[in-house]
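# Residue-level structural notes
The lines below spell out each chain.
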Amino acid sequence: MKKILLAFLLGTATLAVGTSCTKEYYDTVVPSITMVYSRDANQWQNVQNTTTSKFVNLSVPELTDYYVKQGIVNVAISFDNESNYNTLPATIDGVSYNYEYTAGSLTVFAQDPLLEDGINVPVPQRAFFKISLTEADFVE
């Protein structure tokens, strides 16, 4: 009985050691840059003479054609002096925030989510916009 148990233990140990895998770790660093812009309430403009949609333009020279066609563009907004950020798009306190971009420029929109007539969209007294640009491999 002891010989069978010993043979079983040796076989199990050999199997465990022989089939163990080797872990490989790859340190992949994805180049990314981040800029922070601040805008006051008086810098927001109405979209097409309506109060249900407002926008603010940000000049972002680092936002090249590469990022428009291949890279990754992320935007976050802070209303409390950068203590907390919300990733856009988001609806915050009943206002829908989103953005669009082209080379050199990014526009953030604040809209009434229902686009009801007569609604005045409140914009923050001061907002901070964190824009992160990340390189990416484009696969066709």
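What you see is a predicted model, and the numbers here were worked out from it, not measured in a lab.

Counting its regular elements, the protein chain contains two helices and nine strands. The linear arrangement of helices and strands in the protein chain, starting from the amino end, is α-β-β-β-α-β-β-β-β-β-β. Looking at the protein chain as a whole, 31% of its 140 residues are labelled buried. Summarising the internal contacts of the protein chain: among those between residues at least 6 apart in sequence, 68% fall at separations of at least 24.

For the rest of this paragraph, the subject is the sheet that holds strand β4 (residues 72-78). Read across the open sheet, the four strands follow the order β1-β9-β4-β5; overall the sheet is antiparallel. What marks the edges here is a single partner per strand, and that holds for β1 (32-40) and β5 (86-87).

For side chains bearing opposite charge, pairing can occur when the charged atoms are close. Throughout the structure, instances matching the rule amount to two salt bridges. Two residues, Asp65 and Lys69, come together in a salt bridge whose shortest N-O distance is 3.3 Å. Remark: Lys69 and Asp65 occur in helix α2 (residues 65-69); sequence separation between them is four residues, near one turn of the helix. Using a relative accessible area of 40% as the deciding quantity, one classes Asp65 as partly exposed. Assessed through its relative accessible area of 61%, Lys69 is described here as exposed.

The strand order across the open sheet formed by five strands is β2-β3-β8-β7-β6, and the pairing between neighbours is antiparallel. Both outer strands of the open sheet, β2 (45-46) and β6 (90-92), are each paired with one neighbouring strand and no more. Looking at chain direction, strand β3 (residues 53-59) and strand β8 (residues 105-111) are connected through seven bridges and run antiparallel. Looking at β8, one finds that Phe55 is bridged to Phe109.

Criteria and thresholds
Residues numbered from 1 in each chain as written. Predicted model: local features only at pLDDT ≥ 70, side-chain atom pairs only at ≥ 80, totals over all residues. Heavy atoms only, no water. Helix = DSSP H or I, 4+ residues; strand = E, 2+ residues; numbered from the N terminus. Buried < 20%, exposed > 50% of the residue type's maximum accessible area, 1.4 Å probe, protein only. Contact = heavy atoms within 4.5 Å. Pairing = 2+ DSSP bridges. Salt bridge = Lys/Arg side-chain N within 4 Å of Asp/Glu carboxyl O.

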